[in-house]
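Fold and contact review
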Amino acid sequence: MTKVEEAPKVQSSKSIVEEIRAWLKENWDPELTVAEWWNRLGLAGWSAPTLPTNAYGRGLSRPDAIGVSREIASFGALGPPGGLGLLLAAPTIATHGTQEQIDLYVRDIVTGQRGWCQLFSEPGAGSDLAGLTTRALKDGDEWVINGQKVWTSLGQFADLGMLLARTNPEVPKHQGITWMVLDMHQPGVEVRPLREMTGSAMFNEVFISDAHVPDSAVIGDVNNGWAVANTTLAFERSGLGAGGGGGGFSAMPGTVADQLGRRAGEFVTPRSGAANDVAEMLQPTGPSALVALARANGKDKDPVIRQGLAKLHTLGEVARFNTERLKAAHSVGRDIPGLPNIAKLSMSDIMRLSRDLGMSIAGAQGTLHAYTPEERQELEGLPASGLVSAITSLALHAQAPPIYGGTDQIQRNIIGERVLGLPKEPNNDRTARFSELPKNG
Ligand SMILES: Cc1cc2nc3c(=O)[nH]c(=O)nc-3n(C[C@H](O)[C@H](O)[C@H](O)COP(=O)(O)OP(=O)(O)OC[C@H]3O[C@@H](n4cnc5c(N)ncnc54)[C@H](O)[C@@H]3O)c2cc1C
């Protein structure tokens, strides 16, 4: 029999956990406003502990940062600002920005003063991101931007955007792109929310017409944006960003969401299952919840449902072991190539199976979804309404994870080409000028 090697356990150092606990005892006060609390947390380096100390972090390892997040959550304090600023913009700017840019942007991210969105995808550039056509033209000491972005998550709440724009079309497509910070509050930036079949409007179209970006807001060098974007995408795939990813309570950062002036203690209550957060949505539809519903609906004797539940449990356990293996490898400076891509594929599989199994167990009731408070009230009268509505919400949202952060097909391409060494699809886009390439859409 093959001996299975046990994954080393990821542990946060005891001293870090003790330090954050002592700090929380001294500093957490639910009567502070959200802004006041985030100011304390962020400037002490606890909002983004994996960032280096010159970027408002503490230079902690990921296992230590996870320990910090867990401690903040179990202490019952409000966690760091949520959103794409902390997850993507802060680590990107900390990696490629100047100290002046770090002080200008990262400080406001760790203290939640500004909300961010990611202006990468376009109607004709998603998987083929380097094919983007939003144009930035130099005008004195600033850039004039024209183009359209799409799928911009939380764009309607953003103060600033991580913008990828084409600054030179006369070189191969990966070489003429620049990463810049776009002020979303200016004439020429129009955000139009897109209504999803879930009923909510998480993402948006963003139309940019003659908007302006100063030279000082270019992160990294002009025309070196592909390297900077890859840093952002690496943080998007690993899902850990500048924080620890330990869950807990949070509020929305920035001036638009209007939560900064509210009492921090208000946000420290269990969140409702309505949010579009995958982890949160998977939880009420995880194997144990589905087993309970199958028992209640008399479907626990159905052999197909039983097989499905066992498969869901197995996939979840394999994903958990793989995550632990990767964290353990990272903690000793090693990597397991392809594992983040496999993890993303496995999340898509779990999502689809949870949807199909959940809908089979829920039966006809699973086809009902509330779009208004009145409809919600009506559904609340039905048996196991909370769980069934979580299943229905998950079923409607299940299309998203296999697409965002790189589609399932793109994950397989990456594994094929970069891990297994299979030949790349033949094309000339690394050598031909962007202006000469055929365009999408
Ligand atoms: C919920 C959600 C949130 C998002 N949030 C943001 C955001 O905040 N900011 C942002 O910039 N973007 C965001 N996106 C966009 C996301 O990154 C893109 O949707 C994704 O990269 C796919 O691009 P596309 O939609 O243009 O599809 P396309 O690239 O047009 O792909 C269409 C189909 O063709 C397949 N395909 C394409 N190329 C290949 C290939 N070479 N080999 C094999 N198959 C291929 C794809 O897998 C897919 O099935 C979000 C998307 C979703 C669903």
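In what follows, the structure referred to is the one given above.
Below: a short report on this structure. Since we're looking at a predicted model, the values are computed, not measured.

Another aspect to go through is the pattern of salt bridges. If you walk through the whole model with that rule in mind, you get 18 salt bridges. Salt-bridge contacts for Arg21 lead to Glu71; the nearest nitrogen and oxygen are separated by 2.8 Å. Within this pair, whereas Arg21 is found in helix H1 (residues 14-27), its partner Glu71 is found in helix H3 (residues 62-75), the two being separated by 50 residues in sequence. Judged by relative accessible area, Glu71 falls into the buried class, the value being 10%.

Here we come to the pairing of strand E2 (residues 135-139). Of the strand pairs in this sheet, E2 and strand E3 (residues 142-153) are connected by five bridges, and their pairing is antiparallel. Across the sheet, the residue bridging to Arg135 is Asn146, located in E3. Between E2 and E3, which follow one another and run antiparallel, lie two residues, and Gly140 among them has a positive phi close to 65°.

On to the site of the ligand. Close to the ligand lie 18 residues, the nearest being Ser121, Ser127, Trp151, Ser153 and Thr407. In the model, a nitrogen atom of the ligand is placed 3.3 Å from a nitrogen or oxygen of the Glu425 side chain. Within the complex, the protein chains bury 69% of what would otherwise be the 970 Å² of accessible surface of the ligand. Of all the secondary structure elements, the ones that give two or more residues to the shell around the ligand are E3 and helix H13 (408-419). The residue inventory of the shell around the ligand, partitioned by class, reads eight nonpolar, nine polar and one charged.

What follows deals with a nonpolar patch on the surface. There is a patch of nonpolar side chains on the surface, built from Val419, Leu420 and Leu422 and spanning about 280 Å² of accessible area. Within the secondary structure layout, Leu422 lies in the segment after H13.

Reading the values: rules and limits
- Residues numbered from 1 in each chain as written.
- Predicted model: local features only at pLDDT ≥ 70, side-chain atom pairs only at ≥ 80, totals over all residues.
- Heavy atoms only, no water.
- Salt bridge = Lys/Arg side-chain N within 4 Å of Asp/Glu carboxyl O.
- Helix = DSSP H or I, 4+ residues; strand = E, 2+ residues; numbered from the N terminus.
- Buried < 20%, exposed > 50% of the residue type's maximum accessible area, 1.4 Å probe, protein only.
- Pairing = 2+ DSSP bridges.
- Near = heavy atom within 4 Å.
- Polar contact = N/O pair within 3.5 Å; in protein donor to acceptor, adjacent residues only side chain to side chain.
- Areas by Shrake-Rupley, 256 points an atom, 1.4 Å probe, with all protein chains shown as cover.
- Nonpolar A, V, L, I, M, F, W, Y, C, P; charged D, E, K, R; others polar.
- Patch = residues over 30% accessible without salt bridge, like charges linked within 9 Å, V, L, I, M, F, W, Y side chains within 5 Å.

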